[in-house]
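# Structural overview
This is what each chain is made of:
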Amino acid sequence: MRMQPALLEEWLRERYFAAGADLSSSGVQPWSYGELRELIGLDPGALDELVFADSESFGARPLRAAIAERWAGGDADRVFVTHGSSEGIFLVMQALLEPGDEVVAVEPAYHALVDVAVAAGARLRRWVLRPEDGFAPDLDRLAQLMTPATRMVIVNFPHNPTGVSLDEAGLARLVDLVAAHGSYLVWDGAFAELTYDAPPLPDPAGWYERAVSFGTLSKAHGLPGLRVGWCIADPAIFTKLLPLRDRMTLAISPLVEFVATRAVACADLLVAARLRQAAYNRDTLAGWAKRLTGLVDLPMGGGGVCVFPRIHVDDVDAFCQSLFERDGVLVVPGSCFGHSGHIRLGYGCATDDFDFGLARLADALVGAR
């Protein structure tokens with residue numbers, strides 16, 4: 001299996017660790033271990049009893065139970081714990097797709113959702129979210145793309161990089177379209193709990209037997225370095241994932257599972273604090289964009305912590321590089337998502353950093369006019 005470079009990761013690889021103000025991220029501000037320990041009541045002494053043995057193939061039972069209690073209707077057998085949602089994406093695509101299978105995927109998209117399917121030999125049909133529509137998902141267009149040969153539909157709502165989403169009626173229609181063709185629905189719910197104008201959507205894996213949903217502690221919970229994700233699906237699907245996992249990662253670290261179990265049990269605390277911060281930054285961002293009318297076109301999605309505005313400069317990649325070199329402010333050029341006139345702009349970071357970054361970004365846009 002050959003893979004092309006992941007353009008997003010190539011852009012972030014060195015810059016992310018050198019940035020003074022990170023406005024590139026699609027997740028909320030990460031917690032320190034001390035902050036996490038105090039917030040969720042981690043007892044350092046409890047670690048003394050931890051044994052560094054191998055964990056179970058599907059994930060430790062307490063962690064699966066905690067995830068199931070919150071997201072899978074209490075059924076731990078429907079939970080498969082992974083090294084971030086990225087491992088889940090890789091395992092599912094490799095296990096469920098054969099060369100030549102037809103796959104419909106949302107576009108623009110986080111690279112793993114598309115590239116792994118293509119590397120598995122899938123024939124890709126792109127469900128394009130169009131800038132002229134504010135990137136709103138058009139389900140009529142999706143219906144036109146699907147055929148009797150469609151093996152899998154891959155979506156991500158709230159969406160990365162735009163923040164757009166569906167309402168519950170739209171989700172119901174999406175599932176009906178997929179079910180009518182007997183296709184798998186791959187539902188990336190990484191940003192499911194980051195919503196502002198409506199409650200989080202229900203997980204379609206809860207009622208459609210050929211749905212596989214992905215979750216992670218990286219985006220809404222501020223724990224990207226913990227590298228914990230999960231799949232929720234019919235347990236029969238999980239047996240298809242094991243042959244590859246047995247030859248790759250085998251299991252999750254028991255130390256990671258210990259911390260993750262407590263974090264999931266206290267997820268409301270983690271999400272609420274960071275969602276308040278993101279909502280404040282989001283309001284700031286909306287006012288900022290209005291003041292820069294003519295320089296920035298910003299459709300505001302209803303979820304996540306990133307947006308995908310069009311900026312009016314001649315060369316967006318060069319502009320982003322100059323902003324980083326001159327001011328230490330990091331954003332992602334839209335070319336990493338196949339849209340060269342845009343940038344991914346994250347607003348989940350610390351408010352002081354966000355205000356500084358927005359001010360420098362505004363100055364650079366005015367100067368480039």
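Residues numbered from 1 in each chain as written. Predicted model: local features only at pLDDT ≥ 70, side-chain atom pairs only at ≥ 80, totals over all residues. Heavy atoms only, no water.

### As for the overall build of the protein chain
From N to C terminus, the protein chain includes twelve helices and 14 strands. Here the C-alpha atoms of the protein chain give a radius of gyration of 20 Å, agreeing with the 21 Å that 2.2 N^0.38 yields for 369 residues. On the principal axes, the C-alpha backbone points of the protein chain span a range of 55 × 55 × 40 Å. Among the 369 residues that make up the protein chain, the fraction classed as buried is 54%. For the protein chain, restricting intrachain contacts to residue pairs at least 6 apart in sequence, the fraction spanning at least 24 positions comes to 73%. For the protein chain, the computed accessible surface area is about 15,600 Å², with 51% contributed by carbon and sulfur atoms. (Helix = DSSP H or I, 4+ residues; strand = E, 2+ residues; numbered from the N terminus. Rg over C-alpha atoms; globule rule 2.2 N^0.38 Å. Buried < 20%, exposed > 50% of the residue type's maximum accessible area, 1.4 Å probe, protein only. Contact = heavy atoms within 4.5 Å. Areas by Shrake-Rupley, 256 points an atom, 1.4 Å probe, with all protein chains shown as cover.)

### With respect to the packing of helix α4 (residues 84-96) against helix α8 (residues 235-245)
In the contact formed by α4 and α8, the axes pass within 9 Å of each other and the chain directions differ by 105°. Taken together, the axes of α4 and α8 lie roughly perpendicular to each other. In this structure, α4 uses E87, F90, L91, V92, Q94, A95 and L96 to contact α8, whose residues at the interface are I237, K240, L241, L244 and R245. (Axes fitted to C-alpha atoms, helices over the stretch in contact; angles between N-to-C directions. Parallel < 35°, antiparallel > 145°, perpendicular 65-115°, else oblique.)

### Concerning the side chain of T195
With respect to the helices and strands, the residue T195 is situated in the loop between β6 (184-188) and β7 (211-216). A relative accessible area of 16% means that T195 is categorised as buried. Contacts of T195, omitting those with residues within four sequence positions, involve P158, P200, L275, G302 and G303.

### Some words on the sheet that holds strand β4 (residues 123-128)
Spatial ordering of the open sheet is given by β2-β8-β7-β6-β5-β3-β4, a layout of seven strands whose pairing is mixed. For this open sheet the edge positions go to β2 (79-82) and β4, each flanked by a neighbour on one side alone. Each neighbouring strand pair of the sheet contributes to a mean axis angle of 20°, computed without reference to strand direction. In this structure, β7 lies alongside strand β8 (residues 229-232), joined through four bridges in antiparallel fashion. Opposite F214, over in β8, you have C231 as the bridge partner. Against the sheet, α8 contacts β2, β6, β7 and β8, and its axis sits at roughly 25° relative to β2. (Pairing = 2+ DSSP bridges.)

### Quick word on the pairing of strand β5 (residues 150-156)
Among the seven residues in β5, six count as buried, and that is most of the element. The pairing of strand β3 (residues 102-107) with β5 spans four bridges and is classified as parallel. Its bridge partner being in β5, V103 is matched across the sheet by M152. One ladder, built from five bridges, connects β5 with β6; its direction is parallel. Its bridge partner being in β6, I154 is matched across the sheet by V186. Tracing the backbone out of β5, into helix α7 (residues 168-180) and back to the parallel element β6 gives a crossover that is right-handed. (Right-handed = clockwise from strand over helix to strand, strands pointing away.)

### Quick notes on the layout of surface pockets
The calculated volume of the largest pocket comes to roughly 910 Å³. Around the largest pocket, the lining comprises 40 residues; the ones closest to its centre are L12, Y16, S25, K219 and P224. At the level of secondary structure, the elements contributing two or more residues to the lining of the largest pocket comprise α1 (7-15), β1 (21-22), α4 and β14 (343-346). (1 Å grid on protein atoms, 1.4 Å probe; cavity = no way out; pocket = protein on both sides within 12 Å on 5 of 7 lines; lining within 4 Å. Points joined across faces, edges and corners; volume = space filled by probe spheres on them.)

### What about unusual backbone geometry?
P108 follows E107 through a cis peptide bond whose omega is 5°. If you trace the backbone, P108 turns up in the loop between β3 and α5 (111-119). Here the amide bond leading from F157 into P158 is cis, since omega sits at -10°, within 30 degrees of zero. Among the structural elements, P158 can be located in the loop between β5 and α7. Positive phi outside glycine occurs at F135, with the angle close to 65°. Position of F135 among the secondary structure elements: in the loop between β4 and α6 (139-145).

### Focus: helix α10 (residues 267-291)
Taking 1.5 Å per residue as the helical rise, α10 with its 25 residues ought to reach 36 Å, and the 36 Å between its terminal C-alpha atoms agrees with that figure. The complete set of buried residues in α10 reads A267, L270, V271, R274, L275, Q277, A278, N281, R282, L285, W288 and A289. (Expected span 1.5 Å × (residues − 1).)

### Some thoughts on the pattern of salt bridges
If the charged atoms of two oppositely charged side chains come close together, the side chains can form a pair. This model, assessed by the stated rule, comprises twelve salt bridges. Of the charged contacts in the structure, one is a salt bridge between R130 and D133, with a shortest N-O distance of 2.9 Å. R130 sits in the partly exposed class, given a relative accessible area of 26%. For D133, a relative accessible area of 34% corresponds to the partly exposed category. D363 is the partner of R360 in a salt bridge, and the nearest nitrogen-oxygen pair spans 3.1 Å. Of this pair, R360 and D363 both sit in helix α12 (residues 351-367), separated by three residues, roughly a single helical turn. Sharing partners across several salt bridges, the network here consists of R70, E193 and D268. (Salt bridge = Lys/Arg side-chain N within 4 Å of Asp/Glu carboxyl O.)

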